[in-house]
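Survey of secondary and tertiary structure
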Amino acid sequence: MGRALAVFLWVMTGLSVWMFVNGRWWFPTAISEHGPAYDQQFVLTIAVVGVAFVSAQVALGYAVWRFRDTGEGVRAAYSHGNNRMEILWTGVTAVIFITLALLGQRVWWNLHMNPAPAGAAQVKVTAQQFQWNFHYAGPDGLFGRTDPKKISDESINYVGLDDTDPAAKDDTVTQTLVTQVNRPVELTLTSRDVTHSFWVPQLRFKQDAVPGLDVKVHFTPQKVGQYEIACAELCGQQHYKMRSYMLVLPDDEYNALVAMPQAQFQKRVGELVKKYPVTTGQEQRGY
Ligand SMILES: [Cu+2]
């Protein structure tokens, strides 16, 4: 029995490692400027913990095999442990994990703690149960005033845009996020109701949208196409339906679009959504 258990442990360890190294189940290709840094950090972490995992499981299997019940009735020896060894492995583990955490912090800092570059496009994001609303300032570059009292889903005013404000006249609100390839974009996220979380797997970050807060995050998409936006925070019964798309447009298409008045902008976004096929991780792997 002891031998069978040891072999079982080793086989399971081998299978687990294979699931990571065969390359079939992995992230969709990153499309943002900081994506490669995230991926490198992730691979480093998974390699380090992978080595620790394999060593521990192999040692466990060995102990199970070596000290199995052989039916000879040998009494078990009681061990008080070894303080020196305890200090050593606790110390080594602490150093490894603190180093990984600090390295990861640096990657995270570059995304979340640096201000957006000058000239970044600005989009206000208002999450609600169960949709994403993306608000653009229009050709004047000024966001119209919003007022929570003016929010009305019936009259399609999801963000409470105040149309008595002249700056609001050319604003557009869409359910599709529009960005320009190779141009930084800064999102200002908030929520109308509960906490939601903005997530495009290809961008490699998730950011919570919290009622009452304006949370800023910026990135530079580097590949033209259409990508899925998911809500990564369980936000209610229809959370699973809270999905939108992000368009990354070439310069000419983007510039033409943002110069358009509201109604045309909406219509054009509808056309562009049909033009660009959605890139999901599954399609890239040929599932
Ligand atoms: Cu949500």
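1. Things to note about the packing of helix α4 (residues 251-258) against helix α5 (residues 262-275)
- For the pair α4 and α5, the least separation of the axes is 9 Å and the interaxial angle reads 155°. Considering their axes alone, α4 and α5 lie roughly antiparallel with respect to each other. The residues of α5 that touch α4, namely those facing E253, L257 and V258, are F265, R268, V269, L272 and K275.
- A per-class count over the contact of α4 with α5 returns five nonpolar, no polar and three charged.

2. Re the coordination of the copper ion
- Note on the copper ion: its protein donors are H196 (ND1), C231 (SG), C235 (SG) and M242 (SD). The metal-donor distances range over 2.1 to 2.5 Å.
- If you look at the copper ion, its four donor atoms make angles of 90 to 124° with each other, and the shape they trace is tetrahedral.
- Binding-site remark: the copper ion is held by donors from one chain whose sequence spacing is H-x34-C-x3-C-x6-M. Within this pair, whereas C231 is found in strand β9 (residues 225-231), its partner M242 is found in the loop between β9 and β10 (243-249), the two being separated by 11 residues in sequence. For the pair C231 and M242, one class covers both residues: buried.

3. A look at the sheet that holds strand β2 (residues 131-136)
- Strand order in the open sheet made by the five strands is β3-β2-β1-β5-β8, with mixed pairing throughout. The open sheet has two free edges, formed respectively by β3 (172-174) and β8 (215-219), since each of these has just one partner strand. Strand-to-strand twist across the sheet, computed as the mean angle between neighbouring axes with direction ignored, equals 25°.
- Sheet topology places strand β5 (residues 185-191) next to β8; five bridges connect them, and they run antiparallel. Considered in β8, the bridge of L189 is made with V215.
- Together, β2 and β3 form the strand contacts of α5, whose direction differs from that of β3 by roughly 25°.

4. Here's the deal with the packing of aromatic side chains
- Taken as a whole and judged by the stated rule, the model has nine aromatic pairs.
- Considering the side-chain rings of W18 and W25, the 6.1 Å spacing of their centres and the 80° angle between planes classify their relative orientation as edge-to-face.
- Given a relative accessible area of 41%, W25 falls into the partly exposed group.
- Residues W132 and F198 carry aromatic rings whose centres are separated by 5.8 Å and whose planes lie at 90° to one another, so their mutual orientation is edge-to-face.

5. Side note on the pattern of salt bridges
- In total, this model carries six salt bridges according to the counting rule given.
- The salt bridge partner of E271 is K267, with a shortest N-O separation of 3.7 Å. Taken together, the residues E271 and K267, both in helix α5 and four residues apart, mark about one turn of the helix.
- Here E271 makes a salt bridge to R268, at a shortest N to O gap of 2.9 Å. In this pair, E271 and R268 both sit in helix α5, three residues apart, roughly one turn of the helix.
- A relative accessible area of 24% places R268 in the partly exposed class.
- Taken together, the shared-partner salt bridges connect E253, K267, R268, E271 and K275 into one network.

6. Considering the layout of surface pockets
- One number sums up the size of the largest pocket: a volume of about 420 Å³.
- Together, 22 residues line the largest pocket, and F27, W199, P201, R204 and F205 are the ones closest to its centre.
- For the lining of the largest pocket, the elements supplying multiple residues, two or more each, are α2 (35-66), α3 (83-112), β7 (205-209), β9 and α6 (281-285).
- It is α2 that provides the largest number of residues to the lining of the largest pocket, a total of four residues.
- In this structure, the second largest pocket encloses a volume near 310 Å³.
- Together, 14 residues line the second largest pocket, and T126, T146, V159, T190 and D214 are the ones closest to its centre.
- Those elements that provide at least two residues to the lining of the second largest pocket are β1 (121-128) and β5.
- Classifying every residue of the lining of the second largest pocket gives four nonpolar, six polar and four charged.

7. Let's talk about the pairing of strand β4 (residues 176-180)
- Of all five residues making up β4, five are buried, and the element is well covered by its neighbours.
- Here β4 shows a buried face lined by T176, V178 and Q180 and a second buried face lined by L177 and T179.
- Sheet topology note: the β4/β10 ladder contains five bridges and is parallel. Bridging from a neighbouring strand, V178 pairs with L247 of β10.

Calculation notes
- Residues numbered from 1 in each chain as written.
- Predicted model: local features only at pLDDT ≥ 70, side-chain atom pairs only at ≥ 80, totals over all residues.
- Heavy atoms only, no water.
- Axes fitted to C-alpha atoms, helices over the stretch in contact; angles between N-to-C directions.
- Helix = DSSP H or I, 4+ residues; strand = E, 2+ residues; numbered from the N terminus.
- Parallel < 35°, antiparallel > 145°, perpendicular 65-115°, else oblique.
- Contact = heavy atoms within 4.5 Å.
- Nonpolar A, V, L, I, M, F, W, Y, C, P; charged D, E, K, R; others polar.
- Donors = N, O, S within 2.8 Å, 3.2 Å for Na, K, Ca; no water.
- Tetrahedral: all angles 85-135°; square planar, octahedral: opposite > 155°, others 65-115°.
- Buried < 20%, exposed > 50% of the residue type's maximum accessible area, 1.4 Å probe, protein only.
- Pairing = 2+ DSSP bridges.
- Phe/Tyr/Trp six-rings, centres within 6.5 Å; stacked < 30°, edge-to-face > 60°.
- Salt bridge = Lys/Arg side-chain N within 4 Å of Asp/Glu carboxyl O.
- 1 Å grid on protein atoms, 1.4 Å probe; cavity = no way out; pocket = protein on both sides within 12 Å on 5 of 7 lines; lining within 4 Å.
- Points joined across faces, edges and corners; volume = space filled by probe spheres on them.

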